[in-house]
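# An overview of the molecular structure
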Amino acid sequence: MSEQAKVLALLSLINSATTDALALYTADDRDVPDLRSTVSHPLDTADDTVALKKAIRTLEGACQQLCATLAPPQHTMVGNFDWACIRVVVEHGIADILDKFPSGLYVDELAAKVGMIGSKLARVLRPLASKGCFIEVSEDVFANNRLSLHLRTSEGVAGISLVMTKQVAKGAHVLTENLAGSRYATSFDPGDAPCMQALDHKYKDTFELLRSDVRTLELSCLHFSLTIPGFPWQKYNSVVDLGSGVGSFSRPLAKRFSHMQITCHDLPEVIEEAKDIWSKDAPDAFTSGRVTLAPLNFFEQVPESGRDVYYLRYVLHDWHDPESIAILRNVREAMAPHSRLLIQDYVLRSSAPLDNQHGLDAGDIAPEPLLPNFGAGNARMYSQDLTMFFTHNARERTMIDFINLANQTGFLIVKVWDLAETCLLELEMALPK
Ligand SMILES: C[S@@+](CC[C@H](N)C(=O)[O-])C[C@H]1O[C@@H](n2cnc3c(N)ncnc32)[C@H](O)[C@@H]1O
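Residues numbered from 1 in each chain as written. Predicted model: local features only at pLDDT ≥ 70, side-chain atom pairs only at ≥ 80, totals over all residues. Heavy atoms only, no water.

For the chain, the name recorded in an unreviewed UniProt entry is S-adenosyl-L-methionine-dependent methyltransferase, with Coniophora puteana as its organism.

Spelled out as structure tokens, the structure:
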């Protein structure tokens, strides 16, 4: 394909992905999303939008590839401080304040409410407004819009933004020193992760660091609440959520499927926090006995046995292979022949052409001339991999990595569900116990 043909093909992908996204947004008489709106679009928080995410993955990948092709090189590489501006907004509750002024607030008045100077705060808000988060309704008058609403301090997006901009960013700042430092370069110890280095080893590991800021941690969990659209949950009666955290997966599951018996296992201190949150958020499921919250160390103990589904979400990416193998062996010990193991994580892909010798694709393949991994359309996958590096000295895995883990622990991957960001790997026991 000539360079000109590639550019035109990217343009055509942008066209078709936009058409697909619009059709999904406007189905069932819904409106086209509007950046000037001050209410969320119904699909902004819907959890069954895999088709929409797939269209957006192509759209974002093609737009960025087109810009990188045609723009001056430095535009792609230099100067993005959005993360620093977002931290100011969330830590100072700027979107919460603007919520009370729907037609906008002069930046001097806004700044005075949080002990700042208007002319400086404007320089934080304007770059965000220029990208579609907040509206500058007239010069120096800012208002919330559909995007900035998600930065109100009670929102999950605000929580995860705070973890990323406050904690994870510390690790990002010392990445260069960590990669080449004599103590760190060859270490895979969680205590030598860049975040730990940046904080002079004040914390044992990132779990301890995050628990030091429980409110932010709880808030960030709100961000992850998909109950996996398309997966046939109705077929299953019992689920063990291992490394469940405070139940950001299990609570929506319990609310949606009232027949389901759910067991949540995590460390004792997390289970104590989880009890509080379950009793407020899903009191019926909690008090009826349908949900059991039981402390367990997944390296040393076997989870509740004989259940239909064992579910590990965002757990294995915290650990290297020896620890992951210990967890999987304990899960296998608990499983009955009919049990399924579900692993939800990002499955990393190379940006080079695929060489699928193992017969399992890590999700859909991008249409040419998009990079085979959808390029920037999958940016969150690589950002999450670096987050695991900064925080735990750990990593996301490729499909081959997962196949190797399965082979070493007596599992077979029987299906890969492409959820357009993460993948869900469905496994069964390879051999009878
Ligand atoms: C990244 S969080 C994922 C939480 C949850 N699965 C979710 O998707 O929201 C990893 C969880 O593993 C738990 N964890 C860490 N070490 C553990 C251990 N030894 N035994 C049990 N759980 C552990 C942490 O407390 C944390 O809740």
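Pairing in this open sheet of seven strands is mixed, and the strands run S6-S5-S4-S7-S8-S12-S11 from one edge to the other. In this open sheet, the two edge strands, each paired with only one partner strand, are strand S6 (291-295) and strand S11 (411-418). Ignoring strand direction, the axes of neighbouring strands in this sheet form an average angle of 20 degrees. Pairing analysis gives five bridges linking strand S5 (residues 261-266) to S6, with the strands arranged parallel. (Pairing = 2+ DSSP bridges. Helix = DSSP H or I, 4+ residues; strand = E, 2+ residues; numbered from the N terminus. Axes fitted to C-alpha atoms, helices over the stretch in contact; angles between N-to-C directions.)

Looking now at the UniProt feature "signal peptide" (unreviewed entry) in the chain. Using the residue numbers shown here, the UniProt feature "signal peptide" (unreviewed entry) corresponds to residues 1-23. What you have in residues 1-23 is 91% helix and 0% strand, and the ends, taken at the C-alpha atoms, are 30 Å apart. (UniProt positions renumbered as here; feature names shortened; annotations may be inferred.)

Next up on the list: the site of the ligand. Neighbouring the ligand are 16 residues, the closest being Gly 243, Ser 248, Asp 266, Phe 298 and Arg 313. Between the ligand and the protein, one listed contact pairs a nitrogen atom with a side-chain N or O atom of Asn 297 at 3.0 Å. With respect to the ligand, the side chain of Arg 313 contributes an N or O atom lying 2.7 Å from an oxygen atom. For the ligand, the protein covers 88% of the area, taking 590 Å² as the surface of the free molecule. Looking at the shell around the ligand residue by residue, the class counts come to eight nonpolar, five polar and three charged. (Near = heavy atom within 4 Å. Polar contact = N/O pair within 3.5 Å; in protein donor to acceptor, adjacent residues only side chain to side chain. Areas by Shrake-Rupley, 256 points an atom, 1.4 Å probe, with all protein chains shown as cover. Nonpolar A, V, L, I, M, F, W, Y, C, P; charged D, E, K, R; others polar.)

What follows deals with the pairing of strand S2 (residues 135-138). The pairing of S2 with strand S3 (residues 141-143) spans three bridges and is antiparallel. What sits directly across from Ile 135, in S3, is Ala 143.

On to the sheet that holds S3. If you trace the three strands from one edge of the open sheet to the other, you get S1-S3-S2, paired in antiparallel fashion. Each edge of the open sheet is held by one strand with a lone partner, namely strand S1 (105-106) and S2. This element, helix H7 (residues 118-130), spans S2 and S3 of the sheet and lies at about 55 degrees to S3. (Contact = heavy atoms within 4.5 Å.)

Moving on to the pattern of salt bridges. The tally for this structure, following the rule as stated, stands at 24 salt bridges. Note that Asp 28 and Arg 30 form a salt bridge whose closest N and O atoms lie 3.7 Å from each other. On the basis of relative accessible area, Asp 28 is assigned to the exposed category, the value being 68%. Of the charged contacts, one joins Lys 204 and Asp 205 as a salt bridge, the two residues approaching to 3.4 Å between their closest N and O atoms. For Asp 205, a relative accessible area of 13% gives the class buried. (Salt bridge = Lys/Arg side-chain N within 4 Å of Asp/Glu carboxyl O. Buried < 20%, exposed > 50% of the residue type's maximum accessible area, 1.4 Å probe, protein only.)

Before going further, it helps to spend a moment on unusual backbone geometry. Following Glu 368, the chain continues into Pro 369 via a peptide bond in cis, with omega recorded as 5 degrees. The phi dihedral of Asp 28 is positive, around 55 degrees, even though this residue is not glycine. Positive phi is not limited to glycine here, since His 201 has a value of about 60 degrees. Structurally, the position occupied by His 201 is in the loop between helix H10 (194-198) and helix H11 (206-211). Residue His 201 is classed as partly exposed on the basis of its relative accessible area of 27%.

In this section: the domain arrangement of the chain. One can read the domain layout of the chain as domain 1 (3-77), domain 2 (94-151), domain 3 (156-219) and domain 4 (223-429). Each of domain 3 and domain 4 has a C-alpha centre, and the two are 22 Å apart. Residue-level contacts link 24 residues of domain 3 with 16 residues of domain 4. Contact between domain 3 and domain 4 buries roughly 1,700 Å² in total, counting both sides, with carbon and sulfur atoms accounting for 70%. Seen at the junction of domain 3 and domain 4, the total is zero salt bridges. For the pair domain 3 and domain 4, the number of links is four residue pairs in polar contact (both at pLDDT 80 or more). At seven residues, helix H8 (residues 156-173) tops the list of elements feeding residues into the side of domain 3 that touches domain 4. (Domains from an automatic or database assignment. Buried area = accessible area lost by both parts, 1.4 Å probe.)

Moving on, we get to the environment of Tyr 236. Mapped onto the elements of the fold, Tyr 236 is located in the loop between helix H12 (214-221) and strand S4 (238-242). Considered as a pair, Tyr 236 and Met 260 are 24 residues apart in the sequence and their alpha carbons are 7.4 Å apart. If we skip the residues at most four places from it in the chain, Tyr 236 touches Phe 231, His 259, Met 260, Asp 308, Val 309, Arg 340 and Glu 426.

Another aspect to go through is the packing of aromatic side chains. Within the structure shown, the criterion is met by ten aromatic pairs. With a centroid separation of 5.7 Å and 50 degrees between ring planes, the pair formed by Trp 233 and Phe 249 is classed as tilted. Placement of Trp 233 in the loop between H12 and S4 and of Phe 249 in the loop between S4 and helix H13 (250-256) is noted, with a sequence separation of 16 residues between them. Residue Trp 233 shares its accessibility class with Phe 249, and that shared class is buried. Ring centres of Phe 299 and Trp 319 lie 4.8 Å apart, and the angle between their planes is 90 degrees; this geometry places the pair in the edge-to-face category. (Phe/Tyr/Trp six-rings, centres within 6.5 Å; stacked < 30°, edge-to-face > 60°.)

Tracing the backbone through its elements, the reader meets Val 163 in helix H8. Classification of Val 163 as buried rests on a relative accessible area of 8%. C-alpha separation for the pair Val 163 and Arg 87, spaced 76 residues apart in sequence, amounts to 9.3 Å.

This part covers the pairing of S5. Two faces belong to every sheet, and in a regular strand the side chains alternate between them. For S5, the buried fraction is high: five of the six residues fall into the buried class. Sheet analysis places S4 next to S5, joined by five bridges and oriented parallel. Residue pairing for S5: Leu 242 is matched across the bridge by His 265. The β-α-β motif built from S4, the intervening H13 and the parallel element S5 has right-handed crossover chirality. (Right-handed = clockwise from strand over helix to strand, strands pointing away.)

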